[in-house]
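Coordinate analysis (summary)
Spelled out, the chains give:
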Amino acid sequence: MFGKSPLRAIKLFCLWLILPLAAFGLLLTLAPSPTLNALSIGITHTRTDGVAYGPLPRHRLDIYRPSSAAPIGGWPVAVFFYGGSWNRGERADYRFVGEALASRGVLTLVADYRLYPEVRYPDFLSDCALALAYGLHDAARLGGNPKRVFVMGHSAGAYNAAMLALDARWLQATGHSPTELAGWVGLAGPYDFLPIKNPDVKPVFFHPNYPTGTQTIAYVGRDSLRGFLGAAASDDLINPQRNTLGLAQRLRDAGASVRVKMYERVNHMTLIGTFARPLRWLAPVLDDVVGFVNDSTRSP
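The following paragraphs examine the structure supplied in this document.

Calculation rules
Residues numbered from 1 in each chain as written. Predicted model: local features only at pLDDT ≥ 70, side-chain atom pairs only at ≥ 80, totals over all residues. Heavy atoms only, no water. Helix = DSSP H or I, 4+ residues; strand = E, 2+ residues; numbered from the N terminus. Buried < 20%, exposed > 50% of the residue type's maximum accessible area, 1.4 Å probe, protein only. Contact = heavy atoms within 4.5 Å. Areas by Shrake-Rupley, 256 points an atom, 1.4 Å probe, with all protein chains shown as cover. Pairing = 2+ DSSP bridges. Right-handed = clockwise from strand over helix to strand, strands pointing away. Axes fitted to C-alpha atoms, helices over the stretch in contact; angles between N-to-C directions. Parallel < 35°, antiparallel > 145°, perpendicular 65-115°, else oblique. Nonpolar A, V, L, I, M, F, W, Y, C, P; charged D, E, K, R; others polar. Expected span 1.5 Å × (residues − 1). Phe/Tyr/Trp six-rings, centres within 6.5 Å; stacked < 30°, edge-to-face > 60°.

Glancing now at the overall build of the protein. The secondary structure content of the protein amounts to nine helices and eight strands. Relative to its full complement of 300 residues, the protein shows a buried share of 52%. For the protein, long-range pairs separated by at least 24 residues make up 74% of all intrachain contacts whose partners lie at least 6 apart in sequence. Within the structure as shown, the protein displays about 13,500 Å² of accessible surface, and the carbon and sulfur contribution to it stands at 58%.

Structure follows, in structure tokens:
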């Protein structure tokens, strides 16, 4: 196959393989969300954009309905919150997440919420609680199973999801409770992060005069909702040992159920990027999340 110079042929083949991957990596660096969204396949789902879950302009979400037939009782439902240090983010940037989950039979809601400087802690949690309440209230109407609703997030969005799952006051303000959820998923989230070093995050939490009750780890108890925690093993943005593994250990010590996965070959951003088809080979994050969803049932 390689003729008289197999080593040269191998080198040429590797160059042919590496150059497109390098170009693709550069494209992801320059414009990650549009690139990943453009490579998402629409036939796996139908999308409804800009559904209001509350009265304010940022109270909007997109709905991704699987094209596959719904199981008895309806599809499982995931309400997803993106990251961005509570300073930036748009639901349209995460269409690849909605497509990925819908392609695996999960009815997915990707929600916007208000950001700094418009709001600070805890107002964005109130917004997220409204979006999750919409998912709980409307699950059956959308074709989902109201007994299999999950809250999910990445980075700052994972903090939002964790707080809604473990601190009952946020959902209680909407007339709901974490006991209505089947579980929660946190990817590369900050759960124990004081004192804050990130300059973007400092004003969000009134640094150095932090309000009481901001840390997720303080709300762990024996009755804590079952969770899935995933992180990049070498995350240099949010320390996975202190946050992901620390929260997991606190949950286990309390007798709560938690599943933990640490991933090699990814970083803080590419962890969520693996939901997009071109990057799924990096780590089985999507498989693990969907596996957790499919294995979970609503607590009695």
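On we go from here.
Our next topic: the pairing of strand S8 (residues 258–263). Relative to S8, strand S7 (residues 227–232) runs parallel, the two being bridged by six bridges. Bridge assignment links phenylalanine 228 to a residue of S8, and that residue is arginine 259. As for the winding sense of the linkage, the β-α-β connection from S7 through helix H7 (residues 241–254) to S8 is right-handed.

This part covers the packing of helix H4 (residues 123–138) against helix H5 (residues 156–166). Each packed pair of helices is defined by two parameters, the angle between the axes and the distance between the axes. Relative to each other, H4 and H5 sit at 70°, their axes nearing to 10 Å. As judged from the angle between their axes, H4 and H5 are roughly perpendicular. Here H4 contributes Phe124, Leu125, Cys128, Ala129 and Leu132 to the contact with H5, which in turn contributes Tyr159, Asn160, Met163 and Leu164. When grouped by side-chain class, the residues that make up the contact of H4 with H5 number eight nonpolar, one polar and no charged.

In most cases, non-glycine residues show a negative phi, while peptide bonds are predominantly trans. A cis amide bond links tyrosine 116 with the next residue in sequence, proline 117, at an omega value of 15°. Checked against the element boundaries, proline 117 lands in the loop between strand S4 (107–111) and H4. The omega angle of the peptide bond from histidine 207 to proline 208 is 0°, so this bond is cis rather than trans. If you check the backbone angles, tryptophan 86 has positive phi at about 60° while not being a glycine. Mapping tryptophan 86 onto the fold places it in the loop between strand S3 (75–81) and helix H3 (95–103). Despite not being glycine, arginine 265 shows a phi value in the positive range, around 65°. One can find arginine 265 in the loop between S8 and helix H8 (268–273). Looking at arginine 265, the relative accessible area reads 56%, which means it is exposed.

Next up on the list: H7. Residues spaced three or four apart along an α-helix point in a common direction, a consequence of the helix completing one turn every 3.6 residues. Under the 1.5 Å per step criterion, the end-to-end length of H7 is 18 Å for 14 residues, consistent within 8% with the ideal 20 Å. Turning to H7, its buried residues are Asn243, Thr244, Leu247, Ala248 and Leu251. Here the buried face of H7 lies against strand S6 (183–187), S7 and S8. One or two residues past the end of H7 sits glycine 255, with phi positive at roughly 90°.

Here we come to the packing of aromatic side chains. Applying the stated criterion across every chain, the model contains 18 aromatic pairs. Ring geometry for tryptophan 184 and tyrosine 191: centres 6.3 Å apart, planes at 80°, overall edge-to-face. One exposure class covers both tryptophan 184 and tyrosine 191, and it is buried. Where phenylalanine 193 meets phenylalanine 205, the ring centres are 5.3 Å apart and the plane angle is 70°; that geometry is what we call edge-to-face. One end of the pair, phenylalanine 193, is in the loop between S6 and S7; the other, phenylalanine 205, is in the loop between S6 and S7, and 12 residues separate them in sequence. Phenylalanine 193 gets classed as buried once you look at its relative accessible area, which sits at 12%. Ring pairs connect the aromatic residues Phe80, Phe81, Tyr82, Tyr94, Phe96 and Tyr113, which therefore count as one cluster.

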